[in-house]
Amino acid sequence: MFDSKAVERLLEELPFKPAVIFKKRVDSTNATAKQMLQEGADHGTIIVAAEQTKGRGRYDRIWYSPPKGLYMTVILKPHLDFRSLGALSLLAGCAVADAIENTCGTPVKLKWPNDVLMDNQKVAGILSEAVIGDVENGGVVIGIGINQNTEISDYPPELREHLTTILTETGQETSNEELVALAVIGLLKRVESVEASGSFEGVIDEWRSRSSTLKTRVIVEDGVNVIEGVAKNVDQEGSLIIETSSGILEKVSIGDVTHLRLPSDE
Ligand code: BTN
């Protein structure tokens, strides 16, 4: 059983005490978090569930949530413009990547916008959603799903070739509590430093150095347009800049990326 008190102890290095709420089963931790945010929950509140019956991914896709995976959402009430959602998503990707590496010792990469890859396969995903409201009940929820102590056979056959799990890659079970605490500490500290500096530059640089997308030939589909080219950069809003074969720079703020080949020096 998940030990919320152990997480609270690990979070003691933070300057405030986030509430850690564990639920055995919810439809989606993001839905629970949005409800709690509207009811006035504090910055940093963490919701962790053992099971999600309606886990959601980007574009309203199903996020399969078998037992022993990690499903959590962090409520943020950052002193930042709501237009920062894209950059905040990249920030969350950096925090989760760092936490995974520090709990299991295996390197991970980030695929734009914030899929976490281990051995080029997806091991974690992040769903960031803004809740528009006033100071008390507006903010952002950062939903994090990590294929932690699951086996590839726990997922539907059609997904298996696109994903991996920490257990599969390392052969070791890792602690839910430690991974939650490290991800939250990394998330909240990065948010604090962006608030203090007023800039995402440091986080965007970190994302660039962890990226498996930059310098790679990609296809990006946003539901309407399909753009093919070389991923050149990400800007301060977290948008991806792609250079097409005609030399035009296209800016994409949402979309699904397919990597066409491994990074090169072009
Ligand atoms: C993606 O890669 O499509 C994002 C997946 C995000 C999944 C997590 S699991 C915890 C939280 N609750 C949800 O319903 N979704 C996010």
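The structure contained in this document is the topic of the report that follows. (Residues numbered from 1 in each chain as written. Predicted model: local features only at pLDDT ≥ 70, side-chain atom pairs only at ≥ 80, totals over all residues. Heavy atoms only, no water.)

### A look at the overall build of the protein
Then step 1. Scanning the protein for helices and strands turns up 7 helices and 12 strands.
Then step 2. Radius of gyration (C-alpha) of the protein: 18 Å, near the 18 Å computed for a compact globule of 266 residues.
Then step 3. With the C-alpha coordinates of the protein rotated into their principal frame, the extents come out at 55 × 45 × 30 Å.
Then step 4. In the protein, which comprises 266 residues, the share counted as buried stands at 51%.
Then step 5. Counted over contacts in the protein with a minimum sequence separation of 6, partners at least 24 positions apart contribute 64%.
Then step 6. Accessible surface computed for the protein: about 12400 Å², of which carbon and sulfur atoms make up 49%. (Helix = DSSP H or I, 4+ residues; strand = E, 2+ residues; numbered from the N terminus. Rg over C-alpha atoms; globule rule 2.2 N^0.38 Å. Buried < 20%, exposed > 50% of the residue type's maximum accessible area, 1.4 Å probe, protein only. Contact = heavy atoms within 4.5 Å. Areas by Shrake-Rupley, 256 points an atom, 1.4 Å probe, with all protein chains shown as cover.)

### Let's talk about the nonpolar core
Then step 1. Ranked by size, the top nonpolar core spans 60 residues in total, and within it Leu11, Met72, Ile100, Ile146, Val180 and Leu240 carry the most contacts.
Then step 2. With 12 residues, helix α3 (residues 85-104) is the single largest residue contributor to this core.
Then step 3. Counting contributing residues, this core receives three or more from each of domain 1 (4-210) and domain 2 (217-265).
Then step 4. Filtering out sequence-adjacent residues up to four positions away, Leu11 remains in contact with Pro18, Val20, Ile46, Ala181, Val184 and Ile185.
Then step 5. If you look at the next biggest cluster of nonpolar residues, it comprises 8 residues, including Leu37, Ile47, Ile75 and Val131. (Core = buried A, V, L, I, M, F, W, Y, C linked by side-chain atoms within 4.5 Å. Domains from an automatic or database assignment.)

### A look at the pairing of strand β9 (residues 226-234)
Then step 1. Across 5 bridges, the pairing between strand β8 (residues 217-221) and β9 is antiparallel. Residue Val220 lies in a different strand from β9, and its bridge partner there is Ile227.
Then step 2. Hairpin connection, β8 to β9: the antiparallel pair is bridged by 4 residues, and Gly223 has positive phi, about 95°.
Then step 3. Taking the residues that link successive antiparallel strands as the turn, the β9-strand β10 (residues 240-243) hairpin has 5 residues, and the phi of Gly238 there is positive, at about 90°. (Pairing = 2+ DSSP bridges.)

### Here's the deal with unusual backbone geometry
Then step 1. Omega for the peptide link from Trp112 to Pro113 comes to 0°, which places this bond in the cis form.
Then step 2. Its place among the elements puts Pro113 in the loop between β4 (109-111) and β5 (115-118).
Then step 3. Residues other than glycine seldom take positive phi values, yet Lys68 does so here, at roughly 85°.
Then step 4. By secondary structure assignment, the location of Lys68 is in the loop between β2 (46-52) and β3 (70-76).
Then step 5. Residues other than glycine seldom take positive phi values, yet Lys215 does so here, at roughly 70°.
Then step 6. Take Lys215: it is sitting in the loop between α7 (201-210) and β8.

### Considering the packing of aromatic side chains
Two measures describe an aromatic ring pair: the distance that separates the ring centres and the angle between the ring planes.
Then step 1. Inspection of the entire model under this criterion finds 1 aromatic pair.
Then step 2. Relative to Phe22, the ring of Phe2 has its centre 5.3 Å away and its plane inclined at 25°; by these criteria the two rings are stacked. Of the two residues, Phe2 sits in the segment before α1 (4-10) while Phe22 sits in strand β1 (residues 20-26), which places them 20 residues apart along the sequence.
Then step 3. Given a relative accessible area of 10%, Phe2 falls into the buried group. (Phe/Tyr/Trp six-rings, centres within 6.5 Å; stacked < 30°, edge-to-face > 60°.)

### What about the sheet that holds β8?
Then step 1. Strand order in the open sheet formed by 5 strands is β11-β10-β9-β8-β12, with antiparallel pairing between adjacent strands. For this open sheet the edge positions go to β11 (249-252) and β12 (256-259), each flanked by a neighbour on one side alone. Across the sheet, the axes of successive neighbouring strands diverge by a mean angle of 45°, strand direction being ignored.
Then step 2. Relative to β10, β9 runs antiparallel, the two sharing 4 bridges. By the bridge assignment, Val230 is partnered in β10 with Glu243. (Axes fitted to C-alpha atoms, helices over the stretch in contact; angles between N-to-C directions.)

### Digging into the pattern of salt bridges
Then step 1. Scanning the entire structure with this criterion turns up 20 salt bridges.
Then step 2. Between Glu8 and Lys5 there is a salt bridge whose closest N-O contact spans 3.5 Å. Placement of both Glu8 and Lys5 in helix α1 is noted, with a separation of 3 residues, approximately one turn of the helix.
Then step 3. For Glu8, a relative accessible area of 28% gives the class partly exposed.
Then step 4. On the basis of relative accessibility, which here comes to 54%, the residue Lys5 falls in the exposed class.
Then step 5. One salt bridge in this structure joins Glu228 and Arg217, with 4.0 Å as the shortest N-O distance. Note that Glu228 is positioned in strand β9 and Arg217 in strand β8, a separation of 11 residues in sequence.
Then step 6. Here Glu228 falls in the partly exposed class, since its relative accessible area comes to 42%.
Then step 7. A single network of salt bridges, built from pairs that share partners, joins Asp98, Glu101, Arg190, Glu206 and Arg210. (Salt bridge = Lys/Arg side-chain N within 4 Å of Asp/Glu carboxyl O.)

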